Structure formats: C-alpha cells, structure tokens
Amino acid sequence: MKDLGDKDATELASMVRRKEVSPGELLDLALESASAAQEKVNCFSNIFEDAARKQIDAGLPDGPFSGVPFAVKDLGARVKGLPITSGSRAFRDTVSDMDATLVERQKKAGLVIFGQTTSPEFGLTTTTESTLFGQTRNPWNLDHTPGASSGGSAAAVAAGIVPFAHANDGGGSIRIPASCSGLVGMKPSRGRTPAGPVAAELVSGFGYQHVVARTVRDCAGMLDATAGPEVGDLYAAPPAAGPYVDEVGKDPGVLRVAFWTKYWQDDSPTDPECAEAVEAAAKLLEGLGHRVEEKRPDVDFDELAKAFGVQWGALAAAGVTAWAGDAPASRCCASVA
C-alpha cells in the first residue's frame, strides 16, 4: 500500500476501476500520510474524514478520477456543510452553505474530498502562513516555504499525501508554489474554469481555479473534468479543440521558446542552481529540435508592478469591505488568490 503514494491520480483511478484497490483503502492511506506529515509540514487547515467516508458510502460517480483522495484549498472552494476560513480568524467558524461549481465538478469526477489545505489570509502573500493556522513548510526542506497562496496544496502533493490538490491563481498562487515544490502548475486561460456560483469572476478576472499536480497528464485530466462555462459567467474561453489529456505526449512540432535567467527588469543575480536548471531545460529543448532563444519580454516591469499593486490593493480593500458587511459569511469568503 505504501508505494501507492508514488502513483499519480490517473493510475490510482485506473487501479480502482480494476478493483486492485478500493476508494476506502486509498482514503486510509491519505489520512495516514496526512497525519504523519502534518506536525512537520502543517499543510492542512481541516481534515474531513467523516464527510469523505460518507461520500464513498453514498457511491462515487464513474468519473475519470473515481476513488482518488483529494484536498481543496481553504480559499475559493466552498464545500457544503464544511468550514471555509480563507486563512482568517474572522471566519474561523464559517461553514459553507453550498458547493462551489468547481467542487461540484470535482465530485462528479469521482474525487473523494477529505481535507482542506492551508492558505495565507485571503491569499494576499507569497508565503503560506497565517495567525490562524501558523506556518506551512516545504516538505523538501522544512526551513523553506512551499510558496503561496496555494502553498498548503503544494506541500500536500510534494509530501506524497495526494497526487494533486485544488489551487487557484490570481498573481502567481499556482505557479509560485509549483515552482517552490517541484510540481506541475499551470494557470488556466481567462474564463476556462468556473468561479461561481457566488462570484462571476475571481480577482477582477485575474484569478482562475485549477490544481497543483505531480504529472502533466493529471493536470490535463483535471482541466478536462472541470473546464467549461457556467450560468452567470461574464465571459468564457473558447471551447477546446479536444480533450486536453489527448495532447499529452503528442508531437508539438517545432516550438519557439524564449528563456532568461536574470531578474525581470535588471541584471540582478539569480541563484546559480536555478539559472543552471533553466539553461539545462533550454539545452534539452534545443536538442529536441525547438527554436530556443535567450530573450526576456520587452516590458517596463516597474510600471507593471505599480499597476498590479494598485489593482491588488483595491481588490483587497473591496474584499475586506464585503467581508465586513452584511452578506452571509459563507458567501463572503471569496478567493483573492
């Protein structure tokens, strides 16, 4: 059973379909792994064992990930009847009165939601720590951060507890923890995944829901399971030409690839190990026949950072105003990500 922690969600679901392992056994393994990691890594804000077992006992849909244990981030993913705090003491006793559309699709895919991962308060920082839940650590090195704001999800995946976990991204909250934790992290295109039913969009259209994962095929498979418009959307991405998972392993043809190893707006030094990794990846891509060039975007980073800071600050202020207002708390805990 222990070696199941090394398999991705696609393989685990296949094993469930072949009846080589049961959803209950996978849940037991995830709970055991979570308990062992929590004291050192602190990646869970809540564990929902009873709810997960009820999900299994009620019968799981025959979805692409049926029986696979899953964790949702404590920000932007309401699960009916379960807590959601957004990492804030102000909402420590908040319970969701509905499933988010994304969660509905995750359940339809057959995922067994057993836990909730840590996030910084309202997703506002790039390290995962809060007064409510404390500091989340990187399982690769406990002296380091797993990034944020989806750092709890990244730590749970990197620790081998789950093969992938819910994450969302407005200003880097999937990409930063994926980078810090050695995972696959992709921010979906605008309008690709649902934000509702409470909000028509997240972070004024900056924020989108997805996962951090161990494998590209799991990342693609989850996008197939959750992508698509919902009632009330302000906009939607064009339909995909076909399943994303079918693109995994296909010959992409000759790609144009740009890379750079310096800081965005100047020549500040990059950690040598990071620079070497980028250069090695560039050489590998070149060796595969792609057109590779060292070049960074022609962008005024200072102006970009200033504009983003104004937008981010305004969103935070608007969020706090909403959270402090008269709306039900379970409907105010929106993701800033």
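As shown above, the structure is provided for reference.
Residues numbered from 1 in each chain as written. Predicted model: local features only at pLDDT ≥ 70, side-chain atom pairs only at ≥ 80, totals over all residues. Heavy atoms only, no water.

(A) Quick peek at the overall build of the protein chain. From N to C terminus, the protein chain includes ten helices and ten strands. Here the C-alpha radius of gyration of the protein chain, 20 Å, is about what a compact globule of 337 residues would show, namely 20 Å. Taking all 337 residues of the protein chain together, the buried fraction comes to 45%. (Helix = DSSP H or I, 4+ residues; strand = E, 2+ residues; numbered from the N terminus. Rg over C-alpha atoms; globule rule 2.2 N^0.38 Å. Buried < 20%, exposed > 50% of the residue type's maximum accessible area, 1.4 Å probe, protein only.)

(B) Geometry of the nonpolar core. Core analysis: the biggest nonpolar cluster contains 27 residues, and Leu-4, Phe-65, Val-68, Phe-70, Leu-111, Phe-164 and Met-222 have the highest contact counts within it. Element by element, the count of residues in this core is highest for helix α1 (residues 9-17), at five residues. Among all residues touching Met-222, those that are not within four sequence positions of it are Phe-65, Phe-70, Leu-111, Phe-164, His-210 and Val-211. In terms of nonpolar packing, the next biggest core, distinct from the first, is built from 24 residues, Leu-31, Cys-43, Ile-161 and Val-162 among them. (Core = buried A, V, L, I, M, F, W, Y, C linked by side-chain atoms within 4.5 Å. Contact = heavy atoms within 4.5 Å.)

(C) Region of interest: the packing of helix α2 (residues 23-41) against helix α3 (residues 49-57). For the pair α2 and α3, interaxial distance at closest approach is 10 Å and the crossing angle is 165 degrees. Taken together, α2 and α3 sit at an angle that is classed as roughly antiparallel. When the axes of α2 and α3 are compared, the crossing they make is right-handed. For the pair formed by α2 and α3, the contact residues are Pro-23, Gly-24, Leu-27, Asp-28 and Leu-31 on the first element and Glu-49, Ala-52, Arg-53 and Ile-56 on the second. Broken down by class, the residue content of the contact of α2 with α3 amounts to five nonpolar, one polar and three charged. (Axes fitted to C-alpha atoms, helices over the stretch in contact; angles between N-to-C directions. Parallel < 35°, antiparallel > 145°, perpendicular 65-115°, else oblique. Left-handed = near helix turned anticlockwise from the far one by under 90°. Nonpolar A, V, L, I, M, F, W, Y, C, P; charged D, E, K, R; others polar.)

(D) Layout of the environment of Leu-27. You can see Leu-27 is positioned in helix α2. Considering only alpha carbons, one finds Leu-27 and Asp-300, 273 residues apart in sequence, at a separation of 48 Å. If near-sequence neighbours (up to four positions away) are discounted, Leu-27 is found in contact with Ala-52, Arg-53, Ile-56, Pro-69 and Phe-114.

(E) Here's a closer look at unusual backbone geometry. Look at the link from Ala-148 to Ser-149: it is a cis peptide, with omega at 5 degrees. Along the chain, Ser-149 turns up in the loop between β5 (134-135) and α5 (151-158). The omega torsion of the bond from Gly-196 to Pro-197 falls at 10 degrees, within 30 degrees of zero and hence cis. Despite not being glycine, Ser-86 shows a phi value in the positive range, around 55 degrees. The residue Ser-86 is located in the loop between β2 (69-73) and α4 (101-108) in this model. Judged by relative accessible area, which is 0%, Ser-86 ranks as buried.

(F) Expanded view of a negative patch on the surface. Taken together, the side chains of Asp-271, Glu-273, Glu-276, Glu-279 and Glu-294 present a region of like negative charge at the surface. Of the residues forming the negative patch, the biggest block, three residues, is contributed by helix α8 (residues 272-287). By the element assignment, Glu-273 lies in helix α8. Judged by its relative accessible area of 62%, Glu-273 is exposed. (Patch = residues over 30% accessible without salt bridge, like charges linked within 9 Å, V, L, I, M, F, W, Y side chains within 5 Å. Areas by Shrake-Rupley, 256 points an atom, 1.4 Å probe, with all protein chains shown as cover. Salt bridge = Lys/Arg side-chain N within 4 Å of Asp/Glu carboxyl O. Lys, Arg positive; Asp, Glu negative; His and termini not counted. Charge placed at Lys NZ, Arg CZ, Asp CG, Glu CD.)

(G) Structural detail: helix α7 (residues 216-226). Within the sequence span of α7, burial applies to Asp-218, Cys-219, Ala-220, Gly-221, Met-222, Leu-223 and Thr-226. Tucked into the core, α7 has its buried residues touching α1, β2, α4, β6 (164-169), β7 (184-185) and β8 (208-213). Once α7 ends, the next one or two residues include Gly-228, with phi positive near 125 degrees.

(H) Examining the packing of aromatic side chains more closely. The final tally for this structure, using the stated rule, is seven aromatic pairs. Aromatic side chains Phe-65 and Phe-164 sit 5.0 Å apart centroid to centroid with 75 degrees between the ring planes, which places their arrangement in the edge-to-face category. Here Phe-164 lies in strand β6 and Phe-65 lies in the loop between α3 and β2, a separation of 99 residues in the sequence. Phe-65 gets classed as buried once you look at its relative accessible area, which sits at 3%. Its relative accessible area of 0% is what places Phe-164 among the buried residues. Cluster of aromatic residues (ring-pair linked, three or more members): Phe-65, Phe-70 and Phe-164. The ring of Tyr-235 is capped by Arg-190, whose NZ or CZ atom sits 4.1 Å from the centre of that ring. (Phe/Tyr/Trp six-rings, centres within 6.5 Å; stacked < 30°, edge-to-face > 60°. Lys NZ or Arg CZ within 6 Å of the ring centre and 35° of its normal.)

(I) Representation of the pattern of salt bridges. Per the stated rule, a full pass over the model turns up nine salt bridges. Across the pair Glu-11 and Arg-18 runs a salt bridge, and its minimum N-O distance is 3.3 Å. Among the residues examined, Glu-11 registers a relative accessible area of 25% and is labelled partly exposed. Residue Glu-247 pairs with Lys-250 through a salt bridge whose shortest N-O separation is 3.5 Å. Judged by relative accessible area, which is 46%, Glu-247 ranks as partly exposed. Each of Glu-11, Arg-18 and Glu-20 takes part in one network of salt bridges that share partners.

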